[in-house]
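# Commentary on secondary and tertiary structure
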Amino acid sequence: MTDGLGSRRVRKMATVVMAAAGLLGGMLVWNGPAQAVAHKGLNGLIACGGTLPTGEATVVDFEVYVMNPDGSNRQNVTDENPITDYQPLWTPDGRQILYESERLGQTVDDTFELYLMNPDGSGKTLLLANGRPEDIPKGYHPDGSQLTFSSNRDAPFNAQGVGNNEIYKMNADATGQVRLTTNTASDVWPTWSPDGTKIAFQSNRSGNNDIWLMDSFGGNLVNLTPTPTMAESTPEWSPDGTKIAFTRNVPGSGNEVFAINADGSNPVNLTNRPGYDAIPTWSPDGTTIIYSRLVEGDPNFSVSGGNYEVFAMNADGSNPRRLTNAFDFDGRCNWQRLCTITGTGNIMGTEGDDVICGGPGDDRIAGLGGNDILLGFGGNDSLGGGPGNDTMFGGTGNDSLLGQVGADFSSAGPGADRIVADAGERIDIGAGPGDLCTIGGVAAECPARLS
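Heads up: these notes are all about the structure in this document.

What counts and how
- Residues numbered from 1 in each chain as written.
- Predicted model: local features only at pLDDT ≥ 70, side-chain atom pairs only at ≥ 80, totals over all residues.
- Heavy atoms only, no water.
- Helix = DSSP H or I, 4+ residues; strand = E, 2+ residues; numbered from the N terminus.
- Buried < 20%, exposed > 50% of the residue type's maximum accessible area, 1.4 Å probe, protein only.
- Contact = heavy atoms within 4.5 Å.
- Polar contact = N/O pair within 3.5 Å; in protein donor to acceptor, adjacent residues only side chain to side chain.
- Phe/Tyr/Trp six-rings, centres within 6.5 Å; stacked < 30°, edge-to-face > 60°.
- Lys NZ or Arg CZ within 6 Å of the ring centre and 35° of its normal.
- Pairing = 2+ DSSP bridges.
- Disulfide = S-S within 2.5 Å.
- Core = buried A, V, L, I, M, F, W, Y, C linked by side-chain atoms within 4.5 Å.
- Salt bridge = Lys/Arg side-chain N within 4 Å of Asp/Glu carboxyl O.

## Notes on the overall build of the chain
Across its full length, the chain carries 0 helices and 37 strands. A buried classification covers 58% of the 451 residues belonging to the chain. Of all intrachain contacts in the chain linking residues separated by at least 6 positions in sequence, the fraction that spans at least 24 positions is 38%.

## Regarding the environment of Arg337
Among the secondary structure elements, Arg337 is positioned in strand 24 (residues 330–338). When the C-alpha positions of Arg337 and Pro92 are compared, they lie 7.2 Å apart, and in sequence the two are 245 residues distant. Engagement of the side chain of Arg337 in a polar contact is seen with the backbone oxygen of Pro92, the distance being 2.7 Å.

## Focus on the packing of aromatic side chains
Throughout the structure, instances matching the rule amount to 7 aromatic pairs. Ring geometry for Tyr276 and Tyr308: centres 5.3 Å apart, planes at 85°, overall edge-to-face. Placement of the pair is Tyr276 in strand 20 (residues 275–282) and Tyr308 in strand 22 (residues 307–314), with a sequence separation of 32 residues. Plain terms: the ring middles of Tyr291 and Phe311 are 6.2 Å apart, the flat faces sit at 35° to each other, and that makes the pair tilted. One end of the pair, Tyr291, is in strand 21 (residues 288–295); the other, Phe311, is in strand 22, with 20 residues separating them in the sequence. No difference in accessibility class separates Tyr291 from Phe311, as the two residues are buried. Here the aromatic cluster, defined as three or more aromatic residues joined through ring pairs, consists of Phe62, Tyr276, Tyr308 and Phe329. Above the face of the Tyr168 ring, Arg153 is positioned so that its terminal group lies 5.2 Å from the ring centre. Residue placement shows Arg248 over the ring face of Phe258; its charged tip is 4.7 Å from the ring centre.

## Regarding the pairing of strand 1 (residues 42–53)
Strand 1 sits mainly inside the fold: 10 of its 12 residues count as buried. Sheet topology places strand 1 next to strand 24; 6 bridges connect them, and they run antiparallel. Residue pairing for strand 24: Asn43 is matched across the bridge by Arg337. Both strand 1 and strand 2 (residues 60–67) contribute to a ladder of 8 bridges, which runs antiparallel. Counterpart to Thr51 in the pairing with strand 2 is Phe62.

## Thoughts on the state of the cysteines
Going through the model one piece at a time under the given rule, you end up with 2 disulfides. Here Cys339 is linked by a disulfide to Cys357, with a sulfur-sulfur distance of 1.8 Å. Here the S-S torsion is close to -60°, and the disulfide linking Cys339 with Cys357 is therefore left-handed. In this pair, Cys339 sits in the loop between strand 24 and strand 25 (341–342) while Cys357 sits in strand 27 (residues 355–357), placing the two residues 18 residues apart along the sequence. With a relative accessible area of 10%, Cys339 lands in the buried category.

## Considering the sheet that holds strand 2
Taken in spatial order, the 4 strands of this open sheet run 3-2-1-24, and their pairing is antiparallel. Where the open sheet ends on each side, the last strands, each with one partner, are strand 3 (75–76) and strand 24.

## Structural notes on the sheet that holds strand 13 (residues 198–203)
The antiparallel open sheet is built from 4 strands, whose spatial order is 12-13-14-15. Lying at the two open borders of the sheet, with one neighbouring strand each, are strand 12 (187–192) and strand 15 (222–223). Direction of pairing for strand 12 relative to strand 13: antiparallel, over a ladder of 4 bridges. Paired with Thr191 across the bridge in strand 13 is Ala200.

## Brief notes about the nonpolar core
Membership of the largest hydrophobic core comes to 14 residues, with the highest contact counts inside it found for Ile356, Ile365, Leu374, Leu383 and Ile419. Residues contacting Ile365, with those up to four places away along its chain left out, are Ile347, Ile356, Gly358, Leu374, Leu375, Gly376, Ser382, Leu383 and Gly384. Among the nonpolar cores identified, the runner-up in size contains 12 residues, and Leu127, Tyr140, Leu147 and Tyr168 belong to it.

## Focus: the pattern of salt bridges
For the structure shown, the criterion picks out 9 salt bridges. For Asp277, the salt bridge identified is with Arg273, shortest N-O distance 2.8 Å. In this structure, Asp277 engages Arg293 in a salt bridge whose closest nitrogen and oxygen atoms are separated by 2.6 Å. Placement of Asp277 in strand 20 and of Arg293 in strand 21 is noted, with a sequence separation of 16 residues between them.

## Digging into the pairing of strand 2
One face of the sheet, then the other: side chains in a regular strand alternate in exactly this way. With 8 of its 8 residues buried, strand 2 lies for the most part within the structure. Judged by which residues are buried, strand 2 turns out to be covered on both faces: Val60, Phe62, Val64 and Val66 on one side and Asp61, Glu63, Tyr65 and Met67 on the other are all buried.

## Comments concerning unusual backbone geometry
The backbone of Ile279 sits at a positive phi, close to 60°, despite the residue not being glycine. Mapped onto the fold, Ile279 is located in strand 20. When its relative accessible area of 3% is taken as the criterion, Ile279 is described as buried. One non-glycine residue, Asp328, lies in positive phi territory at about 65°. Within the fold, Asp328 resides in the loop between strand 23 (321–322) and strand 24. The class for Asp328 is buried, based on a relative accessible area of 0%.

## Focus: the side chain of Asn307
Its place among the elements puts Asn307 in strand 22. Assessed through its relative accessible area of 1%, Asn307 is described here as buried. Engagement of the side chain of Asn307 in a polar contact is seen with the backbone nitrogen of Asp328, the distance being 2.7 Å.

## With respect to the environment of Val77
In this fold, Val77 is placed in the loop between strand 3 and strand 4 (84–90). Residues Val77 and Glu63, spaced 14 residues apart in sequence, show a C-alpha to C-alpha distance of 7.7 Å.

Here's what the structure looks like:
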């Protein structure tokens, strides 16, 4: 089992750590109210990759499964495609899933395209077709306006047909594709920080797989895990942006799930057992981490000599519990975040901590109190934070963001935007034509966009 990103028409278990994408019908609200600050929300359904037998002894077919947060009601939602669907990625509003798919009738083997689908698996729509390369989606900007992915599209292919992976970003509609990394190393797994200003990724540019950090233009690179005797991979931000969970190969032990502070300090082994524990994903409320574990001696058939199942644990590593009991491999999961309040037009929060999501049109969103997250997404939106430490994402469109009282963070996104903020507050704005900023009651030049 590896953490690599190799591709095959039917994935062989030597590189089986590839997942599918999908989701079931209605939105499930599992836990209580959203926690304070940062980019948290309610825990929805979990989408994971899973495998089906093909009738051949050494190959499996990847499908998309969804399940409740306790592992119940696991269902296949991509069984209409007999080849490969994997790499689930929820849109930030929780309404659709982006995934990678290989289809019958393609003239070139190992050609993967990006699709969007509705939560029930309907409405599958081609988002990006690139021919020969494999584009692997990994992270949405928190406001839903951009997407990071890795691709071998610009690299020469070797005799085995494998190219070097680099990191790219593009608009959510697949336009405006920009390459962020350029080197001879393999750069993969790019995940945006919850405030949209940084990207964590996996790279072997130091000669060994490490977790790296860069700004969202590809600059200011920092190696967070310079460990020459251990390899790190699959970074995932905690919802509050303070920690990064990842996989570390520990000599004499195997793969473990670790967490570090966002600056690379204080590494903690969360699984701390011999064997294989890897590919962590946080719950939207930040209380739980799910991951894949190799279950030795499992009775389920496996072409790789072991069975890989999804486990969950508390964010501090306590209370590990098994969620799946299925054929061969389950993993590469992604957890749906549900907003506490969703609507269109005039939307008002409560006096508590809310995650309020608008629609694609022109919305007016107000947080009454607490530490709120306001997401306008599309349209020309007006966002007012109210009392408390609020986080506001305008998304695409010409937006107005008013922080009011508290230590707020404002991210306007693309469009001609207006931000009103107190002195000392963090601002991340598109800095495009027509942007206006008033900081501390004084008109000021808008800062360059951090993301």
